[in-house]
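Here's the letter readout for the chains.
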Amino acid sequence: MMVNQSSIQTLLSKEQAILIAHYYVNAEIQQLAQDTGGIVADSLEMARFGAEHPAKTLIVCGVRFMGETAKILSPDKRVLMPTLEATCSLDEGCPSDDFKTWKSHHPDRTVVVYANTSAAIKAQADWVVTSSIALEVVQHLHERGQSILWAPDQHLGRYVQHKTGADMKLWEGECIVHREFQAQSLIDLKARHPEAAILVHPESPLNVIELADVVGSTQHLLSAVQSRSEKIFIVATDQGLFYAMQAAAPDKQLILAPTTGRHATCQACGSCPWMQMNSVEKIEEVFNQPGHEIYLDEALIDRASRPLARMLSFKNNYLNRQL
Ligand code: 13P
Ligand code: SF4
């Protein structure tokens, strides 16, 4: 490893800090997080781990909404990020005022927002969900006769609607990485590898999801590579996840699902530009340079924490009872 891991380890111990990294950040950071007692996880587990860990400082390596979620759930902890400029197209595509207006037109619907949103959007929600728990929460609400106002990812929303049959109105946001996966090119690729299993993150378009053997969050897709018997996997998500997949299942072959083909204009090609803004050099900066800390207004934290806490409690109570 090129960085001075022991100097980062010394700083982490001195500051009572831990690294919480998403699967999409680069391999060097993922390794560092693991080697120093932190975690590499999907967005739901990042939130749970940060809230429950006794560290005084959380260093969140991912995108801005992940740092904000950590701060909302742990307002007394210091939350630092390698860069505060790492955003997300879903978050950017759902401005608070526009959302407020939209919500005012649907006062009877239960508001469910994806975690990939700002604190200001979460503060207006009844529920926050991540990709690993969206289906279960919406199913739960649907069974209780509730209709849903969903934002911001239209593809995940459409998938959840399709699976649950819930009455959902969808905001039209998109992930610039996952929207690029191409169904026809995937069919062609699968024809060349008929023995492969197709794994798809549900931020992908529905016609891509429909080709999947497994649909799920980053954690879910990682588990599938470990547990399934196939030797080849075609994977429709950010290729940052390949590092954890390859470490967990070194004998498996991973192929990135195609973002090219007829009508394709891919700009991101299986790699989130904002996740890639995280670097080990920037982790070293967080302790000695300004501009890395997440600050949120107390009233905003109070409002945004309720739908987030509801999600975590749903995971702990309701889902665990079903197992
Ligand atoms: P997960 O919740 O699966 O980690 O996904 C977060 C994300 O931003 C995917 O693009
Ligand atoms: Fe947002 Fe997509 Fe990047 Fe995930 S991969 S952080 S959804 S832009």
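Quick caveat, the model's predicted, so the values are computed rather than measured.

Moving on, we come to the site of ligand 2. In the region of ligand 2, the neighbouring residues are Y24, V63, C88, S89, L90, N116, C175, V177, E203, C272 and W274. Its residues assigned to classes, the shell around ligand 2 shows eight nonpolar, two polar and one charged.

With that out of the way, let us pick up the packing of helix 8 (residues 134-143) against helix 9 (residues 154-164). Viewed as axis vectors pointing N to C, helix 8 and helix 9 meet at an angle of 50°, and their least axial separation amounts to 10 Å. By the angle between their axes, helix 8 is oblique relative to helix 9. For the pair helix 8 and helix 9, the sense of crossing is right-handed. On helix 9, the residues touching A134, L135, V138, Q139 and H142 of helix 8 are L156, Y159, V160, K163 and T164. When the residues that make up the contact of helix 8 with helix 9 are grouped by side-chain class, the tally is six nonpolar, three polar and one charged.

For the coordinates displayed, the defined rule picks out 12 salt bridges. R109 is the salt-bridge partner of D167, the closest N and O atoms lying 3.1 Å from each other. Highlighted residues: D167 in the loop between helix 9 and strand 8 (168-170) and R109 in the loop between helix 6 (96-104) and strand 5 (110-114), separated in sequence by 58 residues. Looking at R109, the relative accessible area reads 16%, which means it is buried. Notably, a salt bridge pairs R179 with E180, separated by 3.1 Å at the nearest N-O pair. Exposure remark for E180: the relative accessible area of 6% places this residue in the buried category.

The strands that make up a sheet are held in pairs by hydrogen bonds between backbone atoms, and each pair lies either parallel or antiparallel. Within the open sheet, the four strands sit side by side as 10-9-11-12. Their pairing is parallel. Pairing within the sheet leaves two strands with one partner each, and these edge strands are strand 10 (214-215) and strand 12 (253-256). Bridge count for strand 9 (residues 197-200) against strand 11 (residues 232-236) is four bridges, and the pairing is parallel. By the bridge assignment, V200 is partnered in strand 11 with A236. Against the sheet, helix 13 (residues 241-248) contacts strand 9, strand 11 and strand 12, and its axis sits at roughly 165° relative to strand 12.

Definitions and cut-offs
- Residues numbered from 1 in each chain as written.
- Chains lettered and ligands numbered in written order.
- Predicted model: local features only at pLDDT ≥ 70, side-chain atom pairs only at ≥ 80, totals over all residues.
- Heavy atoms only, no water.
- Near = heavy atom within 4 Å.
- Nonpolar A, V, L, I, M, F, W, Y, C, P; charged D, E, K, R; others polar.
- Axes fitted to C-alpha atoms, helices over the stretch in contact; angles between N-to-C directions.
- Helix = DSSP H or I, 4+ residues; strand = E, 2+ residues; numbered from the N terminus.
- Parallel < 35°, antiparallel > 145°, perpendicular 65-115°, else oblique.
- Left-handed = near helix turned anticlockwise from the far one by under 90°.
- Contact = heavy atoms within 4.5 Å.
- Salt bridge = Lys/Arg side-chain N within 4 Å of Asp/Glu carboxyl O.
- Buried < 20%, exposed > 50% of the residue type's maximum accessible area, 1.4 Å probe, protein only.
- Pairing = 2+ DSSP bridges.

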